[in-house]
Structures are given as C-alpha cells and as structure tokens.
Amino acid sequence: MAPEGGEAFDGRDLPPLCEKIFCGGGYASILPNFEHRPEQERMAYCCAQAFSGNSPLLFEAGTGVGKSMAYLVPGIIAAKRFKRQLVVATHTIALQQQIMEKDLPRISMMFSNCEALSDCADFRAALLLGRANYLCPHRLKRALAEKRELFDTAESAELERIAAWAETTRTGLAEELNPPPDPEVWSWVNADSSSCAPKNCPDGSCFYQNARRDISSADVVVLNHNLLFSLLSAGMGAGEDENGVLFANDMLVIDEAHLIPDVASDAFGLSISGPGIRRELSRIYDPRKKRGLIARSGLAEFRDKQIVCDAIGECEELFAKIKKDFLLSRDTVRLSSPDWADVSGAAGALDSTMRLLDTLAQNAPNERLASEIKDYRRKVSGIKNAIEDCAYLSDPESVYWLEAAGAGGRSASLNSAPIDVSGILRRVLFSGGSPVILTSATLAISGSMEDFAGRIGAEAAESFVCDSPFDYGKNMRAFLFSDAAAPDSQTGKMDCEKTAAYIGRLANVVRGGTLALFTSRADLKKTAEILEASGALKGRRLYVQGRMPRAETVRRFAEDANAVLMGTDTFWTGIDVPGDALSQVIIVRLPFENFKHPLTEARMERAEALGENPFIKISLPAAIIKFRQGVGRLIRSARDRGIVCVLDPRMLTKSYGKNFAAAIPTPRVERARADEIETFVKEEADYLFSPDSGNL
Ligand code: SF4
C-alpha cells in the first residue's frame, strides 16, 4: 500500500484521511472556491467506509452537498492505493461531463499540491462507451470494397464521408461526426461485430482496442447507466468467482440512482418492433435495394435471397396483424394468456433463414465473412426467441405487452419487463463482495430509504440521508393553489384553458424564467397552443418540449433568462439552470405514473397479492420521488431563489397531499387562490428577490 506521511496505509485509514481532506481548513481548502460543507465531509467519510469495508451504501445527498467530489476523492485514493478500479455510472451526459471536465481535474490539482496525497495525483480516468460507438477500420475497408453490393447512391456518399473523416479522427467515435452518421451505413462500419479479430489488425490501428487498453489501465472508469446494465444483463460483468460488479475487484458508484429501478427494468426486459426486425433482416438481404450481406461476393443464389425475403414478409404480416387485431384503438395492450397470436409462420421463416446463414457461413471464402454471417445468425436467432418468448409469455416473473410502434404508430412492438427487479439487482450488484454506492438527491421518502432499498434488493445496505446545505427557508416559497383545475375524476383530463391562464399570470409574477412541468404530452401541447394564442406571456418566449432538440431548448431557455419552458418526462429530472433564468417551477399535476401501463399495473397487482396497498406501495413513492426531482430544479446553487407553484388541488384535498407537501424543502409553504396571484404571490416573490430578503 502507498504510504501516507511515511506510514503504511490500510483500509481503516481511508475514512479519517477523508475527514482531513474535507474538514474546515482541510487539504481541499487549496481548491479554488472550496467551501467547507459538513454534509460533504460526512458523505466522503461514509463513502470511504464503504470502499474500505467492501460494503453497500445508499446515500441521499441533497442538492449542493457536492456529492460527486465526496465519492470521487475517497474512490480515487482507494483505487490508487489498493490497486482497484473505481467505476462511476451516471444517467446524464451532463453529469459525465461535469465529472470528466471539472471534478477530476480539480481532484488531480488538489492531490498534486498536497504532499500527503501526491502519490495519487497521477490517477488515470477513461470514459467507457459501447462498441457500436467506435469505427472499425477493417469493416470500413471491406464496406468500401463492396459498396456496390451493400449501399445505394446516397448511402455510398455517406460511406465516403465517413472514410474521409476516418483519415483524421483520433478517437474513431461516431459522436465526432457532424452531422451524425446515417445509422444504416454506420451499422456496417462500427466495431460492434463478432467478426472482430484483433490479431489480424495492425497494432494501434483499432480505435476500439485502443480505448479498451485505456479502460483496463484506468483507475477511474465513467460510463452511463444504460451501458452498465446492458453489459450486466448480457452477462458481461465480473466473473462469478471474482469479487466485483463490472470488472474484477472493482468499486462501483451509481450516481442519479433514483432511476435505477426503471433502467434495470428496461435492460433486463425486451422490446422488439416490426420496423426494427425489418431493418435487421434487410441488412442480410434487402429486396427493395437488392443489396445486403449475402449479396456480397456472389455468396448467395436467387433462392437463398428468397428465403430472407420470405422471413421479412412473414414478420411484416405478423406485426401488421398484431396492429390490426390489438392496437387499432389503443396504444398499449397487456398480454395475459399465452398463444395470443400464431407466430409459427414467422418463426418457421426465421428458422429457414438461420439454416441458410449456417450454410453460407460454412461456404464463406474467408473467416471474417464467416464470422460476420454467424453474427447475423445470432441476431436472427435472438429475434425468433424474442417473438416466441412474447407469444408464449415464457417468464412468469415478467409482464408482457404490445405497443404501437414505427412512424405514426403504424406497426407494433412486443415488450416484456421483469415485474420486480430487486432479485436481479441483488444478484448482479450486491452479491459480488465489493463496494457498491448508490447516490442521488432523491432516494428517500419522508427521510426513509426503506422503499428504495426494497426495490433494488439492497436491504442489507447502510443508508444515510444528508440534507442540502441550502437555506430553503430564506430562498424558496411554495404556493399550493386551492382553486386550480382538478383533473376530471372520470376521464383524468385536465382543463387546459384554466391551466394556460394560470401559467400566463404566474410567469409574470417573477422577473426570471419559469419551468412548467406536465405529466401528459397531449395536455402540454394543448396548453402551449392556448397560451401562445392568448398573448398572456407579454413578450416572454415560450419553449415547448419536442419543438427542438432538448439540449438546445434548455440552452436557449437559460440564455433568455425570462422565458417559459414547458416539458414532461425528462424535464422533471435532468434540467440544471442555476440563477434567475429559472426563478419559478410550476407543477401542473402531481406526477403519478400511468397506472394503466402494463408494467405499473403488474407491479400493483403483485403488491396487492402480497397483501400490500398498491397505491401506498407503488404509486405514491414513485410520484413523490418524481415530485421532489421536479421541485429540485429550482434551487441549484446557494445564491438561487425562487417560487414553486403547485396547480394540482389534490395537494390540499387528498390525504396523500401532505406527503407531497412534506417533500417540499422550504418550511414556507402557503395556500393560495388565483385571485391572489398578482397580490399575495407577487409580493412574496418580490420580497424573495429584493435585497431585504438577504438573498442577494
Ligand atoms: S480489432 Fe476488431 S474492431 Fe478493431 S479494427 Fe480489427 S476488426 Fe475492427
């Protein structure tokens, strides 16, 4: 072990060392703008204990605690001194960028300037991306040689553009290409192919292998949730006889962990659509373009191509029938008994395609082409298994459903997800004998982590809740409107006219910007149209989710500094606009999940079967976490101030309203009516933004 001050260093020394770093006047004081925060010191200490004790930890750290530094610093010291890899998984690119571009350079600077930590200063960090993000120079060369058999004119031009870029790129990452590469062409040249044979590629020529080398020698590996869980669901984690989750003996931190139950559900479930199947099969042979894998090198004869055409036809027929029989009047249908459809035609045609690919692989002129054909054989087998899995509802622990898919919802998709991911997560995350830390600003309900721990199989983990250091009593007011429009009790529909009027008037109460959070895209669209037509925004710009790319929407909203932004879904969680550009959050409706969605419905049935109240067990906790995320968009730094307005009168009329009220961090929660917007609400807001409030 590396020494600290000349002494031998073992795991027990890590927590006190972290205290010395984060305490008032500690080593971290040399960092520009560092402020001692007792909450951060406590979190760093707890993380250090988890790393050195190989134990699981759930840590809720309110906004402003500085949680990424609190897990990175002990994690990197442990990585360097105990020769283990620290793996950090985030949901958003924004947090990945913050870690790579801001936090890690600050930590490196602190370590370099502190004698007791200087042995850790040369830590190495790398971003782990999926293989499909990298260009494969070998496949590019082959695609260029065979472009006539693979691509039409426009695709050939795109291939040439990629080839020109390949001459200059140092990373080979698709994200460098602007505009982004055509997905169809990229699928022929990316590194996600089992025909990959590194020994045949010149040393240093492969972007993906170079990245892998960086990963294996890195002390810190950063990746996103989706990649982490897709690797784990594909069985590509640490070996069964090794400690560790993703790599042998690693230490895992999952940030933004409130999203893990949903991410894991997606990763361990399946979703396969009619258009997606057509795309995959057309890469083998596309009857329209008369191109594809088996059109190469005169590999296949007419009757061989016909086999693939038949498979495409059978699958299209199956999905068209599913759409017609089940999805004409609904977007989602739960499947509850097996053999709901006859899939034998599609399954038989896919079987024939697999046999064809077996034969063609045997006759392929070289090993690489044979591997590529086998790759597609595996994909066809995966398609067939997925169709049969959904037809027979094979897994009693999963829920199965159909959904409209493709352009204009004209086709269908087959979907499944585990009803309860706790058992899976207990196995893949918490049985490896290595430290696993899950953290977020919103994990607890009324200060308790019991619900979250149960959902992810982490009942044995220690848990802590650390409140935000921000002074919410001083910088935030919340107003619960008693006379806003309640959703219709029969149809659940919202009164968009009334909501638009509220938003228009409330937007003018603050000088800065307003974020209005919806739960339904249809309501959002209609309300936006009414608001625009009303002229109530008096020159403020209105940004509406879906009208331009999300990042662009948020950037412009922040730049305008007094605009109105209306969003659903990810806008509840992923927006970080500090300062007065976001001075008000309007919660249009309490964010209960759609209980008619098959997965939610199945979870509620499961709770009921276990003798639990499904509303209390499933709906309410999920809605409170999302509500906390939405409210949390308002105060992003110690100098921020603003108001939260809740337009859903159920806050005041239903018994569960008090649970939501308790989730608002300010003690200054007031009842209000529409006729008080320009008086009481405005006066409170004006005070909040005045020098008298002490907030400037
Ligand atoms: S090692 Fe694999 S991914 Fe890399 S260039 Fe060779 S074939 Fe492509």
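Calculation notes
Residues numbered from 1 in each chain as written. Predicted model: local features only at pLDDT ≥ 70, side-chain atom pairs only at ≥ 80, totals over all residues. Heavy atoms only, no water. Helix = DSSP H or I, 4+ residues; strand = E, 2+ residues; numbered from the N terminus. Rg over C-alpha atoms; globule rule 2.2 N^0.38 Å. Buried < 20%, exposed > 50% of the residue type's maximum accessible area, 1.4 Å probe, protein only. Contact = heavy atoms within 4.5 Å. Disulfide = S-S within 2.5 Å. Pairing = 2+ DSSP bridges. Axes fitted to C-alpha atoms, helices over the stretch in contact; angles between N-to-C directions. Near = heavy atom within 4 Å. Nonpolar A, V, L, I, M, F, W, Y, C, P; charged D, E, K, R; others polar. Domains from an automatic or database assignment. Buried area = accessible area lost by both parts, 1.4 Å probe. Salt bridge = Lys/Arg side-chain N within 4 Å of Asp/Glu carboxyl O. Parallel < 35°, antiparallel > 145°, perpendicular 65-115°, else oblique. Left-handed = near helix turned anticlockwise from the far one by under 90°. Arc of directions from axis to C-beta. Polar contact = N/O pair within 3.5 Å; in protein donor to acceptor, adjacent residues only side chain to side chain. Phe/Tyr/Trp six-rings, centres within 6.5 Å; stacked < 30°, edge-to-face > 60°.

1. A short note on the overall build of the protein
Within the protein one finds 26 helices and 18 strands. On C-alpha atoms alone, the protein measures out to a radius of gyration of 28 Å, which is about the 26 Å that the 2.2 N^0.38 rule sets for 696 residues. Along the first, second and third principal axes, the C-alpha set of the protein runs to 85 × 70 × 55 Å. Taken across its 696 residues, the protein has 54% of its residues classed as buried. Long-range pairs, those at least 24 residues apart, make up 76% of the contacts in the protein between residues at least 6 apart in sequence.

2. A short note on the state of the cysteines
Linking two cysteines covalently via their sulfur atoms produces the bond known as a disulfide. Under the definition given, this model contains zero disulfides. Left without a disulfide partner, Cys 120 is nearest to the cysteine sulfur of Cys 114, which lies 9.7 Å away. Cys 645 provides the cysteine sulfur closest to Cys 496, a residue in no disulfide bond, and the two sulfurs are 18 Å apart.

3. So, the sheet that holds strand β7 (residues 332-335)
Read across the open sheet, the four strands follow the order β6-β9-β8-β7; overall the sheet is antiparallel. The open sheet has two edge strands, β6 (270-273) and β7, and neither has a second partner. This sheet shows a mean twist of 20° between the axes of neighbouring strands, independent of strand direction. In the sheet, β7 pairs with strand β8 (residues 398-405) via four bridges, with the strands oriented antiparallel. Note that in β8 the partner of Thr 332 across the bridge is Glu 403.

4. Structural notes on the site of the ligand
Lining the immediate environment of the ligand, one finds Cys 136, Pro 137, His 138, Ala 191, Cys 196, Ala 197, Pro 198, Cys 201, Cys 206, Gln 209 and Arg 368. Looking at the shell around the ligand residue by residue, the classes come out as eight nonpolar, two polar and one charged.

5. A short note on the domain arrangement of the protein
Assigned domains within the protein: domain 1 (11-124 + 218-250 + 434-466), domain 2 (131-201), domain 3 (268-418) and domain 4 (472-693). On a C-alpha basis, the centroid separation for the pair domain 3 and domain 4 is 42 Å. Tallying the contact residues gives nine residues for domain 3 and seven residues for domain 4. Across the domain 3 to domain 4 interface the summed buried area is about 610 Å²; carbon plus sulfur atoms make up 57%. Together, Arg 334, Val 399 and Trp 401 form the three largest contributors to the area buried by domain 3 at its contact with domain 4, with a combined 62%. Here domain 3 is connected to domain 4 by three salt bridges. Linking Arg 606 and Glu 397 is a salt bridge whose minimum nitrogen-to-oxygen distance equals 3.3 Å. Sorting the residues of the side of domain 3 that touches domain 4 by element identifies β7, β8 and β9 (411-418) as the ones contributing at least two each. Per-element tally for the side of domain 3 that touches domain 4: the top contributor is β8, with three residues. Residue composition of the side of domain 3 that touches domain 4, grouped by class: five nonpolar, one polar and three charged.

6. Thoughts on the sheet that holds strand β12 (residues 476-481)
With respect to topology, seven strands assemble into an open sheet ordered β14-β15-β13-β16-β17-β12-β18, the strand pairing being parallel. Of all strands in the sheet, those with a lone pairing partner are β14 (542-544) and β18 (669-672), marking the two edges. Here the average twist between neighbouring strands, direction ignored, is 20°. Helix-sheet contacts for helix α23 (residues 614-631) involve β12, β13 (514-517), β16 (584-587) and β17 (642-646), and the interaxial angle to β16 is about 155°.

7. What to know about the packing of helix α10 (residues 225-233) against helix α11 (residues 260-268)
Between α10 and α11, the shortest axis-to-axis distance is 9 Å and the interhelical angle comes to 45°. With respect to α11, the element α10 is oriented oblique. Read as a crossing pair, α10 and α11 show a hand that is right-handed. Within the contact between the two elements, α10 uses His 225, Asn 226, Phe 229, Ser 230, Leu 232 and Ser 233 and α11 uses Ile 260, Val 263, Ala 264, Ala 267 and Phe 268.

8. Some words on the environment of Val 644
Within the fold, Val 644 resides in strand β17. Each C-alpha atom, one on Val 644 and one on Leu 318, is 49 Å from the other, the two residues being 326 residues apart in sequence. Ignoring sequence-local partners within four residues, the contact set of Val 644 consists of Met 476, Arg 477, Ala 478, Phe 479, Val 585, Ile 587, Val 631 and Leu 634.

9. Here's the deal with the environment of Ser 463
Residue placement: Ser 463 occurs in strand β11 (residues 462-466). Judged by relative accessible area, Ser 463 falls into the partly exposed class, the value being 37%. For the pair Ser 463 and Thr 439, spaced 24 residues apart in sequence, the C-alpha to C-alpha distance is 9.8 Å. The contacts of Ser 463, once residues within four sequence positions are left out, are Leu 58 and Met 449.

10. So, helix α26 (residues 677-688)
Of all the residues in α26, the buried ones are Ile 677, Val 681, Glu 684, Ala 685 and Leu 688. End-on, the buried residues of α26 take up no more than an arc of 95°, which puts them together on one face. Those residues of α26 that are buried lie in contact with α18 (472-475), β12, α19 (496-507), β17 and β18.

11. Describing unusual backbone geometry
Note that the residue after Asn 178, namely Pro 179, is joined by a cis bond; omega there is 0°. Mapped onto the elements of the fold, Pro 179 is located in the loop between α7 (153-166) and α8 (183-189). Look at Ser 446: it is not a glycine, yet its phi comes out positive at around 50°. Looking at the element boundaries, Ser 446 is found in the loop between β10 (436-440) and α17 (450-455).

12. Notes on the pairing of strand β5 (residues 251-254)
With burial as the criterion, each face of β5 is covered, one bearing Met 251 and Val 253 and the other bearing Leu 252 and Ile 254. With three bridges joining them, β5 and β10 adopt parallel strand pairing. In the strand pairing of β10, Val 253 is matched with Ile 437.

13. Some points on helix α12 (residues 274-284)
Of all 11 residues making up α12, eight are buried, and the element is well covered by its neighbours. What α12 keeps buried is the set Gly 274, Gly 276, Ile 277, Arg 278, Leu 281, Ser 282, Arg 283 and Ile 284. Elements in contact with the buried residues of α12: α8, β6, α13 (302-326), α14 (344-363), α15 (367-392) and β9. Where α12 starts, the residue carrying a side-chain oxygen 3.0 Å from the main-chain nitrogen of Gly 276 turns out to be Ser 273.

14. Structural notes on the environment of Thr 171
For Thr 171, the position within the fold is in the loop between α7 and α8. Through-space distance from the C-alpha of Thr 171 to that of Leu 135 is 8.6 Å; in sequence the pair is 36 residues apart. Apart from the residues within four sequence positions on either side, Thr 171 is in contact with Tyr 134, Glu 176 and Phe 207. Polar side-chain contacts of Thr 171 include one of 3.1 Å to the backbone nitrogen of Leu 173.

15. Topic: the packing of aromatic side chains
In the structure shown here, the tally under the stated rule is 16 aromatic pairs. Here Trp 165 and Trp 186 contribute two aromatic rings whose centre-to-centre distance is 6.1 Å and whose plane-to-plane angle is 55°, an arrangement assigned as tilted. With Trp 165 in helix α7 and Trp 186 in helix α8, this residue pair connects regions lying 21 residues apart in the sequence. This pair shows no difference in class: Trp 165 is buried, exactly as Trp 186 is. Centroid distance Phe 479 to Phe 680: 5.7 Å. Interplanar angle 90°. Geometry classified as edge-to-face. One end of the pair, Phe 479, is in strand β12; the other, Phe 680, is in helix α26, and 201 residues separate them in sequence.

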